[in-house]
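Residues per chain are reported as follows:
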Amino acid sequence: MSTTPVKVAVTGAAGQIGYSLLFRIASGSLFGPDTPVELRLLEITPALKSLEGVVMELDDCAFPTLAGVEIGDDPEKVFDGVNHALLVGARPRGPGMERGDLLEANGGIFAPQGAALNKVAADDVHVTITGNPANTNALIAMNNAPDIPNEQFSALTRLDHNRAISQLSSKLDVPVTDITKMTIWGNHSATQYPDLFHAEVGGKNAAEAVGDQDWLENTFIPTVAKRGAAIIEARGASSAASAASATVDHARDWALGTPEGNWVSMSVCSDGSYGVPEGLISSFPVTVKDGRWEIVQGLQIDDFSRGRIDATVAELAEERDAVTKLGLISG
Ligand code: NAD
Ligand code: LMR
């Protein structure tokens, strides 16, 4: 086992996602069995007691890869020297709400956290925002951290990506491992565009394998895009274990790389690729090598896909304008 632990910050650590995520990270799911991790857990003051209980449980697991745990309510202390920051802490939506309805309530969390990361995180920090509305919260954090390169911020659309793979696998009755090159474009919201035209099943085009545009348009896309709401409706609370699992998948692939011949969906700062305005945090197909992502280039976008991408990107631009008006980013 290597001796220097990777320092991983998790915010909202006493919450629902935290209760699954911390144990996955501590047990080695993120960096493997040979890399020790030190957890830095941030909560608001009233939740620290409950977090102490979670830490007692972490201790009781006696995980060989867990090198230490620190908790606190001061982002500048908790984020000191962190290599990965998983920003989960934010209010979840309830029934009948859209994630964008959380902008005002949650946006304010991410400006001070971005500023704290800017001040004290390790130079190589990788920041992943899970708390909703994830893309725009990432935009806020990034804009409040001028010394951290924009490429070191991302938002989670991996849960949508995994949901899309799962739906397609059920439709075609194939193992999830047969499905590659899935893409979620745009926002982690009901406007997102899960794209089957570039996905593959056993190396063949997924849209052709489905051969049913009506299913693709009227079942697949809305099922994936509205899955979060369906879970809230059924469970009475938003997805937690699957969100934690997707956060681990996202951070692991960002740290360790994507497999040859495949890509994943990550929301990252647009460089203008595929007509997405520069600076928006939008979901793209990406490959990762040596801790750096690259947007997959050269995909042919037909009129159907163009319309869907434009619609979800327009929503991201509206959210950016709304948080600019709230003073959370400079215009
Ligand atoms: P939760 O309410 O169970 O936990 C949130 C925790 O965050 C609470 O313990 C709260 O005290 C803490 N918190 C609030 N403000 C904080 C701050 N300023 N600093 C640190 N901690 C703070 O919610 P949850 O189910 O764990 O969900 C967390 C967020 O993740 C929600 O916004 C939810 O909508 C979002 N989410 C995103 C995805 C995704 O795919 N991107 C998936 C599921 C949930
Ligand atoms: C999800 O996709 O499950 C989360 O973003 C929670 C939500 O509000 O839908």
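Placed above this text is the structure.
Being a predicted model, the structure only gives us computed values, none of them experimental.

**Student:** Talk me through the site of ligand 1; I want residue IDs and the actual numbers.
**Tutor:** Around ligand 1, a shell composed of 25 residues is seen, among which Gln16, Glu43, Arg91, Thr130 and Asn132 lie nearest. Measuring from a nitrogen atom of ligand 1, one finds a backbone N or O atom of glycine 12 at 3.3 Å. Residue arginine 91 places a main-chain N or O atom 2.9 Å away from an oxygen atom belonging to ligand 1. The fraction of the free accessible surface of ligand 1 (870 Å²) that becomes covered by protein chains is 86%. Residue assignment for the shell around ligand 1 shows that the elements contributing at least two residues are helix 1 (16–26) and helix 4 (103–120). The residue makeup of the shell around ligand 1, split by class, is 12 nonpolar, 11 polar and two charged.

**Student:** Residue-level account of the site of ligand 2, with values.
**Tutor:** Taken together, Arg93, Arg99, Asn132, Leu159, Arg163, His188, Gly228, Ile232, Ser238 and Ser239 form the complete shell of residues around ligand 2. Side-chain polar atom of arginine 163 to an oxygen atom of ligand 2: 2.7 Å apart, as the coordinates give it. Here an oxygen atom of ligand 2 sits 2.7 Å away from a polar atom, N or O, in the side chain of serine 239. Protein contacts shield 95% of the accessible area of ligand 2, which totals 260 Å² for the unbound molecule.

**Student:** Can you tell me about the sheet that holds strand 12 (residues 264–269), naming the residues and giving the values?
**Tutor:** The strand order 3-2-1-4-5-6-12-13-14 describes an open sheet built from nine strands, whose pairing is mixed. Looking along the sheet, the strands with just one partner apiece sit at the ends: strand 3 (66–72) and strand 14 (292–295). Sheet twist, expressed as the average angle between the axes of neighbouring strands with direction ignored, equals 35°. Where strand 2 (residues 37–42) meets strand 3, six bridges bridge the pair, whose relative direction is parallel.

**Student:** So what's going on with the packing of helix 1 against helix 10 (residues 241–256)? Which residues, and what values?
**Tutor:** Their axes nearest at 8 Å, the elements helix 1 and helix 10 cross at an angle of 40°. Here helix 1 lies oblique to helix 10, going by the angle between them. As helix 1 runs across helix 10, the sense of the crossing is right-handed. When helix 1 is examined against helix 10, the residues Ile17, Ser20, Leu21 and Arg24 are found in contact with a partner set consisting of Ala241, Ala243, Ala244, Ser245, Thr247 and Val248.

**Student:** I'd like a rundown of the pairing of strand 5 (residues 126–129), residues and numbers included.
**Tutor:** The alternating pattern of strand 5 places His126 and Thr128 on one face and Val127 and Ile129 on the opposite face, and all of these are buried. Both strand 4 (residues 84–87) and strand 5 contribute to a ladder of four bridges, which runs parallel. Looking at the pairing, leucine 86 lines up with threonine 128 of strand 5. Following the chain from strand 4 across helix 4 to the adjacent parallel strand 5, one finds a crossover that is right-handed. Note on the crossover from strand 5 through helix 5 (residues 134–143) to strand 6 (residues 153–155): the handedness is right-handed.

Conventions used here
Residues numbered from 1 in each chain as written. Chains lettered and ligands numbered in written order. Predicted model: local features only at pLDDT ≥ 70, side-chain atom pairs only at ≥ 80, totals over all residues. Heavy atoms only, no water. Near = heavy atom within 4 Å. Polar contact = N/O pair within 3.5 Å; in protein donor to acceptor, adjacent residues only side chain to side chain. Areas by Shrake-Rupley, 256 points an atom, 1.4 Å probe, with all protein chains shown as cover. Helix = DSSP H or I, 4+ residues; strand = E, 2+ residues; numbered from the N terminus. Nonpolar A, V, L, I, M, F, W, Y, C, P; charged D, E, K, R; others polar. Pairing = 2+ DSSP bridges. Axes fitted to C-alpha atoms, helices over the stretch in contact; angles between N-to-C directions. Parallel < 35°, antiparallel > 145°, perpendicular 65-115°, else oblique. Left-handed = near helix turned anticlockwise from the far one by under 90°. Contact = heavy atoms within 4.5 Å. Buried < 20%, exposed > 50% of the residue type's maximum accessible area, 1.4 Å probe, protein only. Right-handed = clockwise from strand over helix to strand, strands pointing away.

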